Amino acid sequence: MTDDGTDTREVSPATLQDRIDAGEPVRVLDLRDRDEVEQWRLTGPSVTLTQKANNRFVQARVTGDVDEFVADIDGEGPITVVCARGEASDVVAEGLREAGYDAHNLAGGMEAWARLVRTATVDAGLDRGTLVQYRRPASGCLGYMLIAGEPTESGSGDRPALVVDPLAAATDCYVADAAERGATVEYVLDTHVHADHVSGLRDLAEATGATPVMSERATDRGVTFADQITTVTGGDELAVGDLSVEVVAAPGHTTGMVALAVGDALVTGDSLFVDSVARPDLERGADGAADLARDLYRTLTDRFARFPDETVVAPGHHAEGTRPAADGAVTATLGECRDLRPFAMDAAEFVAYVTGDMPPRPANFERVIQINLGRESASDDEAFELELGPNNCAATLAEP
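A brief structural summary. This one's a predicted model, so the numbers in the text were calculated from it and none came from an experiment.

## Observations concerning the overall build of the protein chain
Then, in step 1: Counting secondary structure elements, the protein chain contains 14 helices and 20 strands.
Then, in step 2: In summary, the protein chain has a C-alpha radius of gyration of 22 Å against a globular reference of 21 Å for 400 residues, a match within 12%.
Then, in step 3: Seen through its principal axes, the protein chain has C-alpha atoms that stretch 70 × 55 × 40 Å.
Then, in step 4: Taking all 400 residues of the protein chain together, the buried fraction comes to 53%.
Then, in step 5: In the protein chain, of all internal contacts separated by at least 6 residues, the share reaching a separation of at least 24 is 64%.
Then, in step 6: Accessible area of the protein chain: about 17000 Å², with a carbon and sulfur share of 43%.

## Here we look at the pairing of strand S14 (residues 243-249)
Then, in step 1: Pairing of strand S13 (residues 237-240) with S14, which is carried by four bridges, proceeds in the antiparallel orientation. Its bridge partner being in S14, Glu237 is matched across the sheet by Glu246.
Then, in step 2: Connecting S13 to the next strand, S14, in antiparallel fashion are two residues, including Gly241 with a positive phi near 60°.
Then, in step 3: In terms of strand pairing, S14 meets strand S15 (residues 258-262) through four bridges, oriented antiparallel. Bridged to Val247 within S15 is Leu260.

## Details of the sheet that holds strand S12 (residues 230-232)
Then, in step 1: If you walk across this open sheet you meet the seven strands as S6-S7-S8-S9-S10-S11-S12, and the pairing is mixed. The two strands at the open ends of the sheet, each matched to only one other strand, are strand S6 (118-122) and S12. In this sheet, adjacent strand axes meet at a mean angle of 30° when their direction is disregarded.
Then, in step 2: Summarising the sheet, strand S9 (residues 159-164) and strand S10 (residues 183-189) pair through six bridges and their orientation is parallel.

What counts and how
Residues numbered from 1 in each chain as written. Predicted model: local features only at pLDDT ≥ 70, side-chain atom pairs only at ≥ 80, totals over all residues. Heavy atoms only, no water. Helix = DSSP H or I, 4+ residues; strand = E, 2+ residues; numbered from the N terminus. Rg over C-alpha atoms; globule rule 2.2 N^0.38 Å. Buried < 20%, exposed > 50% of the residue type's maximum accessible area, 1.4 Å probe, protein only. Contact = heavy atoms within 4.5 Å. Areas by Shrake-Rupley, 256 points an atom, 1.4 Å probe, with all protein chains shown as cover. Pairing = 2+ DSSP bridges. Axes fitted to C-alpha atoms, helices over the stretch in contact; angles between N-to-C directions.

Functional significance is not addressed by these values, which are geometric in nature.
What follows is the structure in structure tokens.
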């Protein structure tokens, strides 16, 4: 314990993520089973991770081989010990400290880190409004809240807001953040039927009294609660206070994908990411991927063509290990994205590129889709387990 009361025996998920985002060296000892570590882990360019079972430390302690145990942990500096819920890792971290090593426990374990949501303000060029980005580092999911009007200290709730692509697991976070910012959520919009996480569309709409919104083509996929949805199509506008939000048809990842243009920003959903483009196979499978890939090419090179290079791309996901900018947001300019390799291809080359070497599909994606269509349900704990791991919604990393 330090003089200011800080517990040096453990580190919070938020503090650890701050270190990862800052590019500070992070030396991790992960006590979970190897298959769990392979499914999802702490990631980042500065993270060095070693997997060792808890019983190996117990054995090393009994035999007096703790030094040898530590020598096999990759990296240098303090050791962050992690497990599923922060219990076994707390014991191991204490044992390492007793042996003279600088070690601390990840409080709450990987489960707590998986629930972490960070916020940042996107520079969208709005005179009277704020675009907030919500980032879940564990999965790379990005959502947004557009709030009209000037920030106030009253917390009166007189600032209309639109939430885009909310996570069901973070419903309380959006509600609390809206209240803190003096906002009233009037619309909740999903850019498409998600395959990597359970949507918070209905939960957040119910919690706030907001109007749930999806594209007409998305509901045509068989959304069972379509009678509760306000549908939009490309070219429509949503009024959020005195802000006008244009709905931009952006099919390709799915038939019903839409993007949103507001101020100097383009909220692209799962069409265009900061360093890659969307994969086209999650709705219709491999057999229908080529047709959707051709649609995605038209979205990127035709439907988005009218937006200038200076447009800020605010995507729906980021890749493993992506570091946010100094302001905490994961964004890029459209000009930077247009330097990516796929933009230099013709349509045929693009289709072959994005369908030729796709990564594994998101974990449990078929069931997640069924839940988001309203055809199946899942408890909070079930949904949490279904979402673990990277989103894998990109085609393949697109190098310039």
